[in-house]
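Take a look at the letters that make up each chain.
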Amino acid sequence: MSYFYHIVCSLLLISCNNSPAPKQAEPVSPTPVPAKNSTKYINSIQFTSPSPNSTFNYHDAVKIAFSTKEKFPADSIQIFWNGEKTATTGAGKTEYDYRIPATKTGRNTLKLVAFHPDNKRSVAHLTVIVKPDRAPEHLSYKIIREYPHDPKAYTQGLVYRDGILYESTGQYGESGIRKQDIKSGKILSALSIDNRLFGEGITLLNDKIYQLTWTSGKGFIYDLKTFSLESTFTYNTQGWGITTIGDKLIMSDGSHKLYHIAPSSFNIIKEVEVYDHNGPVKNLNELEYINGLVWANVWMQDRIVMIDPATGEVKKELDLSRLLSGAERAKLNDSDDVLNGIAWNPEKETVYVTGKRWPKLFEIKTE
């Protein structure tokens, strides 16, 4: 009997070990959560005031007025100035009094964002023009010294460093860069560029010379000591003047704009429109950065304007029409042989100025 009992138990154990494993439960998909209604943009809000491209001065009080379509009432409206939110109005509010900030001349952008029921929104944009509310400060100057200047040099750019003057010249077949002793005017070294190119402004950055050309959209980078060409760069506008602010370049193209440029790629970081109290200041040419302001020759004028590089406002100006005598001016051949060339001497805090084919270089100090 005992023997038979052991056999039965063994058979039962074998049967249990060979039985199939229980099935795993099928994974249950989570119940989908209904998505919130996405924002739907509609065409509802519009400006009723001011008019597009209206001109205002710094600190002017402006009434911003708007309306929405009757079938799309707004719960609230946000108001933006150059992308920065300045106010939020409640339902039924259709006006807002705003004072123009002294932060940017030229084109400025107003934007409205209306929030409607059922997650609807509408947007409107408007551009206005802003100029300074006061005239630039008129500076006087005194002549510290006069130096000889090559009357054949069609001066386009001027830079001073460590007792040496670097100058770029223009005109087809005459364009190049030169290094000269400032006291004697003696040319220490020179480099001509392709006769098909018209040389323009130069500046120094990290012991390199950056040179623009007029209409070819091509610039050059040279070693400061040897004048050997290291690389080239391109740009999609005309080249007129160029200077440096820290590790950035500032460039003009003969318009009323200054372009902040990354030296590594020559990409435009920022555009600034230049205005004085009368309006845009066009024909910006040779540039020099001096004590926080960009000094710019105004082509065909004996006027230098001094520009806030962040806002574009002309802060100061200098009239240099009396630098040359009447007899010296009478000897100039071309109608465009005007003031052009600004170089800063930080050690003496003086400025060197000259003109296209002028016989003299002047060292001046503003007062």
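Residues numbered from 1 in each chain as written. Predicted model: local features only at pLDDT ≥ 70, side-chain atom pairs only at ≥ 80, totals over all residues. Heavy atoms only, no water.

## Some points on the environment of Gly279
Moving on, step 1. Mapped onto the elements, Gly279 comes out in strand 25 (residues 279–280).
Moving on, step 2. For the pair Gly279 and Lys131, spaced 148 residues apart in the sequence, the C-alpha separation amounts to 6.3 Å.
Moving on, step 3. For Gly279, the residues in contact, after removing those within four places along its chain, are Lys131 and Val274. (Helix = DSSP H or I, 4+ residues; strand = E, 2+ residues; numbered from the N terminus. Contact = heavy atoms within 4.5 Å.)

## Focus on the packing of aromatic side chains
Moving on, step 1. Taken as a whole and judged by the stated rule, the model has 13 aromatic pairs.
Moving on, step 2. Their ring planes at 20° and their centres at 4.0 Å tell us that Phe233 and Phe266 sit as a pair that is stacked. Separated by 33 residues along the polypeptide, Phe233 in strand 19 (residues 229–234) and Phe266 in the loop between strand 22 (257–261) and strand 23 (268–273) bring together distant segments of the chain. There is no split in this pair, since Phe233 and Phe266 are both buried.
Moving on, step 3. Relative to Trp299, the ring of Trp240 lies with its centre 5.7 Å away and its plane at 90°, an arrangement referred to as edge-to-face. Of this pair, Trp240 sits in the loop between strand 19 and strand 20 (242–245) while Trp299 sits in the loop between strand 27 (293–298) and strand 28 (303–307), and the two are 59 residues apart along the sequence.
Moving on, step 4. Taking relative accessible area as the criterion, Trp299 reaches 29% and is therefore assigned partly exposed.
Moving on, step 5. The structure contains a cluster of three or more aromatic residues connected by ring pairs, namely Tyr154, Tyr172, Phe198 and Trp214.
Moving on, step 6. It is Lys111 that lies over the ring of Phe80; its NZ or CZ is 4.6 Å from the centre. (Phe/Tyr/Trp six-rings, centres within 6.5 Å; stacked < 30°, edge-to-face > 60°. Buried < 20%, exposed > 50% of the residue type's maximum accessible area, 1.4 Å probe, protein only. Lys NZ or Arg CZ within 6 Å of the ring centre and 35° of its normal.)

## Some thoughts on the pattern of salt bridges
Any two side chains of opposite charge can pair, on the condition that their charged atoms come close.
Moving on, step 1. Inspection of every chain in the model, using the stated rule, returns 16 salt bridges.
Moving on, step 2. Note that Arg357 and Glu174 form a salt bridge whose closest N and O atoms lie 3.4 Å from each other. One end of the pair, Arg357, is in the loop between strand 31 (350–355) and strand 32 (360–366); the other, Glu174, is in the loop between strand 13 (164–169) and strand 14 (176–181), and 183 residues separate them in sequence.
Moving on, step 3. Connected through shared salt-bridge partners, Lys63, Glu95 and Asp97 make up one network. (Salt bridge = Lys/Arg side-chain N within 4 Å of Asp/Glu carboxyl O.)

## Digging into the sheet that holds strand 27
Moving on, step 1. Here we have 5 strands laid out as an open sheet, ordered 10-29-28-27-26, and mixed in their pairing. Looking at strand neighbours, the two that pair on one side only are strand 10 (137–139) and strand 26 (284–290), the edges of this open sheet. Neighbour to neighbour, the strand axes of the sheet diverge by 25° on average, direction disregarded.
Moving on, step 2. Pairing between strand 27 and strand 28: 4 bridges, direction antiparallel. Bridge pairing in strand 28 places Trp295 opposite Met306. (Pairing = 2+ DSSP bridges. Axes fitted to C-alpha atoms, helices over the stretch in contact; angles between N-to-C directions.)

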